[in-house]
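# Residue-level structure breakdown
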Amino acid sequence: MVKVLGIETSCDDTSVALFDDNQGVVENLVSSQVELHDHFGGVVPELASRAHLVNLLPLVDILLQRQKLTLGDLSGIAVTAGPGLIGALLVGLSTAKALCFAARLPLVGIHHIEGHILANALVEPMVLPAMVLVVSGGHTEVIHMTEVGRYDRLGGTLDDAAGEAFDKSAKLLGLAYPGGPEMDRRAEQGQPGRYHFPRPLLQDSRCLFSFSGLKTAVRLAVEKLSQPFGEQDIADVAYEVQEAITDVLVDRLFRAARERDVRAVYLAGGVAANRRLRQRTAVEAERWQLHFLPPDPEFCTDNAAMIAYAGWCHLQAGRQDDHRLDSFARGAITSWR
Ligand code: KG4
Ligand code: ZN
């Protein structure tokens, strides 16, 4: 039985998980830092690194104890090498290296975006080739995937990521960080039609996104509201922000899917938890007769289960890294390995 420990510390969640090829994801522990960063309205990199330093080894310990395992029972350790906050990544990477060194285990570095994409394989075997929309707090990309390890990045955002657009709009509405999930909830009560927010590049044939104009439009709309904002005002703005973002995302995903001969579409990353995006993707997938199954919301936002599984795939394929493995703040999935 192959057991892979996953470690994810690329941003503000400390997570460790265990994937085993008999039972799938056995554990997925996430220690959230939301309360730590809430006060600042966004992630403070140094605080994130320090919190990982304090929380990571105790989480590994809890996981091993709960599973009645020792390091020697593991088949390898997978760790996010990038992209992400360098200080935060270094904590995960150093810990993974030290554990591998001590227990003579294989080490495998994972591209964070590949982890998000492969979270879809935790629900069912992925139907390939596929077009994948990666939407998170730091990324908005369309990726053509032909097999595990083979990805072609067709395009991405020119400025803000989709999750950032949700979070910044939420902040303007006075909602707590991270605002994406709260926007999703508030939008449910929204009345359509009160606002119209821009959908940049909607008719553009290139696979590009731009969300910075949306933030400006939301700011102008919010400035006209009387303070404190009413619940309905918040809901109406949230509804139209969500419509503007999902319109663009869905349009771009299916345009790309039609241009390449794919069998399926997938969503990946934190924003893939958005209910409206999932619903609209399902409707379009049916229209274009493409396979689509939304990822488990637990595995949409940052988690180590997706890293453990990606590590398992690479170790099975005979790929591993030596102890010179470095972290990286930026870097497309296509230029990795
Ligand atoms: O993948 P993730 O956990 O971290 C990054 O790699 O960036 O994504 C976090 C992002 C945040 O911007 C958060 O607001 C957004 O995903 N998010 C959502 C929802 N759940 C998380 N955005 C919209 N609707 C949601 N339900
Ligand atoms: Zn992520």
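Residues numbered from 1 in each chain as written. Chains lettered and ligands numbered in written order. Predicted model: local features only at pLDDT ≥ 70, side-chain atom pairs only at ≥ 80, totals over all residues. Heavy atoms only, no water.

## Side note on the sheet that holds strand β6 (residues 130–135)
What counts is decided by this rule: Following DSSP output, two strands are said to pair if at least two bridges run between them. Secondary structure elements follow DSSP: runs of H or I of four or more residues count as helices, runs of E of two or more count as strands, with numbering from the N terminus. A fitted line through C-alpha atoms serves as each axis, taken over the contacting stretch for helices, and the angle formed by two N-to-C directions is quoted from 0 to 180°. By definition, residues are in contact when any of their heavy atoms lie within 4.5 Å.
Read from one edge to the other, the open sheet built from 4 strands follows the order β8-β7-β6-β9, with strand pairing classed as mixed. Single-partner strands in this sheet number two, and they are β8 (150–156) and β9 (264–268). Each strand of the sheet is rotated relative to its neighbour by a mean of 25°, with strand direction disregarded. For β6 and β9, the ladder comprises 5 bridges, and the chain directions are parallel. Considered in β9, the bridge of A130 is made with A264. Those strands touched by helix α8 (residues 231–259) are β6, β7 (140–147), β8 and β9, and its axis lies near 155° from that of β6.

## Some points on the site of ligand 1
What counts, and what does not: We call a residue near a given molecule or strand whenever any one of its heavy atoms falls within 4 Å of it. Each polar contact in these results corresponds to two N or O atoms within 3.5 Å; when the atoms are within protein, one needs to be able to donate a hydrogen and the other to accept it, and residues that are neighboring in sequence are counted only if both atoms are side-chain atoms. Areas reported here follow the Shrake-Rupley algorithm with a probe of radius 1.4 Å; residue values treat only the protein chains shown as occluding. Gly is placed with the polar residues, together with every amino acid not listed as nonpolar (Ala, Val, Leu, Ile, Met, Phe, Trp, Tyr, Cys and Pro) or charged (Asp, Glu, Lys and Arg). Where each domain starts and ends follows an automatic or database-derived domain assignment.
Lining the immediate surroundings of ligand 1 are 20 residues, of which G137, D167, D184, G270 and D302 lie closest. With respect to ligand 1, the side chain of H116 contributes an N or O atom lying 3.1 Å from an oxygen atom. Contact between ligand 1 and D167: an oxygen atom at 2.6 Å from a side-chain N or O atom of the residue. Computed on the free molecule, ligand 1 has an accessible area of 560 Å², of which 90% lies beneath the protein chains in the complex. If you list the elements that add at least two residues to the shell around ligand 1, you get α4 (112–118), α5 (162–172) and α6 (180–187). Looking at the shell around ligand 1, its residues break down into 6 nonpolar, 11 polar and 3 charged. Split by domain, the residues of the shell around ligand 1 number at least three in each of domain 1 (3–118 + 299–316) and domain 2 (128–294).

## Here we look at the coordination of the zinc ion (ligand 2)
Definition in use: Excluding water, the donors of a metal are its N, O and S neighbours within 2.8 Å, or within 3.2 Å for Na, K and Ca, and that exclusion means sites may look incomplete. Exposure is judged per residue with a 1.4 Å probe applied to protein chains only, and the accessible area is read against the type maximum: over 50% gives exposed, under 20% gives buried, and values in between give partly exposed.
Of the protein atoms, only H112 (NE2), H116 (NE2) and D302 (OD) coordinate the zinc ion (ligand 2), at distances of 2.0 to 2.1 Å. Sequence positions of the residues that donate to the zinc ion (ligand 2) give the spacing H-x3-H-x185-D. Linking H112 in helix α4 with D302 in the loop between α9 (275–287) and α10 (305–316), this pair joins segments that are 190 residues apart in sequence. Accessibility classification places H112 together with D302 in one group, the buried group.

## A look at the side chain of D12
To keep it simple, the criterion reads: Only four residue types enter the tally: Lys and Arg on the positive side, Asp and Glu on the negative side, with His and both chain ends excluded. Any Lys or Arg side-chain nitrogen found within 4 Å of a carboxyl oxygen on Asp or Glu counts as a salt bridge.
Mapping D12 onto the fold places it in the loop between β1 (3–8) and β2 (13–20). No salt bridge is formed by the buried D12. Its closest oppositely charged neighbour is K171, at 13 Å. Non-local contacts of D12, meaning those with residues more than four positions away in its chain, are made with S31, S32, Q33, H37, V43, H52 and Y177.

## Some details on the side chain of D160
Here D160 lies in the loop between β8 and α5. The class for D160 is buried, based on a relative accessible area of 8%. Here K168 takes part through its side chain, which lies 3.2 Å from a polar atom of the side chain of D160. Aside from chain neighbours lying at most four places away, what touches D160 is K168, F211, S212 and K215.

## Observations regarding the nonpolar core
Short version of the rule: We call a set of buried residues a nonpolar core when its members are Ala, Val, Leu, Ile, Met, Phe, Trp, Tyr or Cys and they connect through side-chain atoms within 4.5 Å of each other.
In this structure, F197, L214, I245, L249 and V265 are the most contacted members of the largest nonpolar core, which totals 48 residues. Broken down by secondary-structure element, the contributors of at least two residues to this core are β6, α5, α6, α7 (212–223), α8, β9 and α9. Residue contributions to this core peak at 14 residues, all from α8. If near-sequence neighbours (up to four positions away) are discounted, L214 is found in contact with A165, F197, P198, V241, A244 and I245. By size, the runner-up hydrophobic cluster in this structure holds 34 residues, among which are L118, I143, M145 and A310.

## Topic: the domain arrangement of the protein chain
Test applied: The buried area of a pairing is the accessible area, by a 1.4 Å probe, that goes missing from both parts when the two are put together, added over both.
Domain boundaries in the protein chain define domain 1 (3–118 + 299–316) and domain 2 (128–294). One C-alpha centre belongs to domain 1, the other to domain 2; they are set 27 Å apart. On the side of domain 2, 19 residues touch domain 1, which itself brings 16 residues to the contact. Of the roughly 1,300 Å² buried between domain 1 and domain 2, counting both surfaces, carbon and sulfur atoms make up 75%. Taken as a group, I113, I117 and C300 account for 39% of the area that domain 1 buries against domain 2, more than any other trio of residues on that side. The tally of links between domain 1 and domain 2 comes to 0 salt bridges. Elements supplying a minimum of two residues to the side of domain 1 that touches domain 2: α1 (34–38) and α4. Examining the composition of the side of domain 1 that touches domain 2, we find that 5 residues originate from one element, α4, more than from any other. Residues of the side of domain 1 that touches domain 2, tallied by class, amount to 9 nonpolar, 4 polar and 3 charged.

## Remarks on the packing of aromatic side chains
Where we set the bar: The pairing test for Phe, Tyr and Trp rings, Trp by its six-membered ring, is centres within 6.5 Å, and the orientation test on the planes gives stacked under 30 degrees, edge-to-face over 60, and tilted for anything in between. For a Lys NZ or an Arg CZ to count as sitting over a ring, it must be within 6 Å of the ring centre and within 35 degrees of the ring normal.
Going through the model one piece at a time under the given rule, you end up with 5 aromatic pairs. Their ring planes at 5° and their centres at 5.7 Å tell us that Y195 and F197 sit as a pair that is stacked. Y195 sits in the buried class, given a relative accessible area of 15%. Pairwise contacts between aromatic rings join F19, Y309 and W312 into one cluster. When the ring centre of F101 is taken as reference, the NZ or CZ atom of R104 above it lies at 5.2 Å.

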